[in-house]
Amino acid sequence: MKIGKLEWAIFAAAEKQREMEAITGEVRRIKVLYFLRHGRGTGARVEQPHLFCAHHSSSNDLLLKDIKRWLADLRGSHLTEAFSWSYKRRYKTGYIWQEVVDDDLVMPTSRNEYVLQGCEKVALPSSGTPLTFMFFPVSVYHSSITTSK
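Residues numbered from 1 in each chain as written. Predicted model: local features only at pLDDT ≥ 70, side-chain atom pairs only at ≥ 80, totals over all residues. Heavy atoms only, no water.

Some thoughts on the pairing of strand β6 (residues 113–120)
Heads up, the condition is: Only protein chains enter the calculation, and the probe is 1.4 Å; a residue is then buried if its accessible area is under 20% of its type maximum, exposed if over 50%, and partly exposed in between. Each helix is a run of H or I in the DSSP string that is no shorter than four residues. Each strand is a run of E no shorter than two, and both are numbered from the N terminus. In this description, strands pair whenever DSSP reports at least two bridges between them.
Across the 8 residues of β6, 6 count as buried, placing the element largely inside the fold. Bridge count for strand β1 (residues 27–38) against β6 is 7 bridges, and the pairing is parallel. Bridged to leucine 36 within β6 is glycine 118.

Following this line, the structure appears as structure tokens:
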């Protein structure tokens, strides 16, 4: 197949653009790994992990609403709204799950990889059913500090 001058110029311009993006870091390819958890307690079921790749401007922080928009495009908006979301992040010597809402920043677990967990939202009881909360007493020790003058 023979490439004409116009096609070659378009190909060369696109290649140069990709090289410039790689140098300046304007656009990066990220991986988003997510788990979906159904139910609560010992009967909870976690689906197999899902992975998708997306292109994201490195000049912008990655927010949960960005990830939810990509997920809605892939699997439908019902998925993003039926789950509460948290992401895996470093804490001291290990990892924790940080709860997030739409405008919260999501941090990567490694350079371009994000790990999220969606927990199925529990339906609230009807308005006629009272909610019961249990509180357990916590003892707090207060020490008095005296200073000498």
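Continuing now.
Quick notes on the confidence of the model for the chain
What counts, and what does not: What pLDDT expresses is the predictor's confidence in each residue, scored from 0 to 100. Two residues qualify as a contact provided that any one of their heavy atoms is within 4.5 Å of a heavy atom in the partner residue.
Of the residues in the chain, 64% reach a pLDDT of 70 or more, and the chain-wide mean stands at 77. At the level of individual helices and strands, the chain shows its lowest average pLDDT in helix α1 (residues 5–24), which scores 61, and its highest in β6, which scores 93. Scored below 50 in pLDDT, residues 133–149 shows 0 contacts in the model against residues more than four places distant or in partner chains.

What to know about the packing of aromatic side chains
As a reminder of what qualifies: Stacked, tilted and edge-to-face are the three classes applied to pairs of Phe, Tyr and Trp rings, where Trp contributes its six-membered ring and a pair requires centres within 6.5 Å; stacked means planes under 30 degrees apart, edge-to-face means over 60, and tilted covers the rest. Over a ring means this: the NZ of a Lys or the CZ of an Arg is within 6 Å of the ring centre and within 35 degrees of the ring normal.
Taken as a whole and judged by the stated rule, the model has 3 aromatic pairs. Note on tyrosine 34 and phenylalanine 52: the rings are 6.1 Å apart at their centroids and 65 degrees apart in plane angle, and the pair reads as edge-to-face. Here the residue tyrosine 34 occupies a position in strand β1, and phenylalanine 52 occupies one in strand β3 (residues 50–57), the gap between them amounting to 18 residues. A single burial state applies to tyrosine 34 and to phenylalanine 52, both of which are buried. With a centroid separation of 6.1 Å and 50 degrees between ring planes, the pair formed by phenylalanine 83 and tryptophan 85 is classed as tilted. Each member of the pair, phenylalanine 83 as well as tryptophan 85, is classed as buried. Here a set of aromatic residues connected by ring pairs shows up, and it is made of Tyr34, Phe52 and Trp70. Sitting above the plane of the tyrosine 95 ring, lysine 88 keeps its charged end 4.7 Å from the centroid.

Things to note about the pattern of salt bridges
How we decide: Each reported salt bridge corresponds to a side-chain nitrogen of Lys or Arg within 4 Å of a carboxyl oxygen of Asp or Glu.
Applying the stated criterion across every chain, the model contains 4 salt bridges. Lysine 65 is the salt-bridge partner of aspartate 103, the closest N and O atoms lying 2.9 Å from each other. With aspartate 103 in the loop between β5 (94–100) and β6 and lysine 65 in helix α2 (residues 64–75), the pair connects residues that are 38 residues apart, well separated along the chain. Residue class for lysine 65 comes out partly exposed when judged on its relative accessible area of 39%.

Side note on unusual backbone geometry
Not every positive phi belongs to a glycine, and lysine 92 is a case in point at roughly 55 degrees. Here lysine 92 lies in the loop between β4 (83–91) and β5. Judged by relative accessible area, lysine 92 falls into the exposed class, the value being 75%.

Concerning the environment of phenylalanine 52
We classify phenylalanine 52 as buried; its relative accessible area is 8%. Sequence separation between phenylalanine 52 and lysine 31 is 21 residues, and the spatial gap between their C-alpha atoms is 5.9 Å.

Brief notes about the pairing of β1
The alternating pattern of β1 places Arg28, Ile30, Val32, Tyr34, Leu36 and His38 on a buried face, while none of Val27, Arg29, Lys31, Leu33, Phe35 and Arg37, on the opposite face, is buried. In terms of strand pairing, β1 meets β3 through 8 bridges, oriented antiparallel. Residue pairing in the sheet places valine 32 in a bridge with phenylalanine 52 of β3. The pairing of β1 with strand β2 (residues 45–46) spans 2 bridges and is antiparallel.

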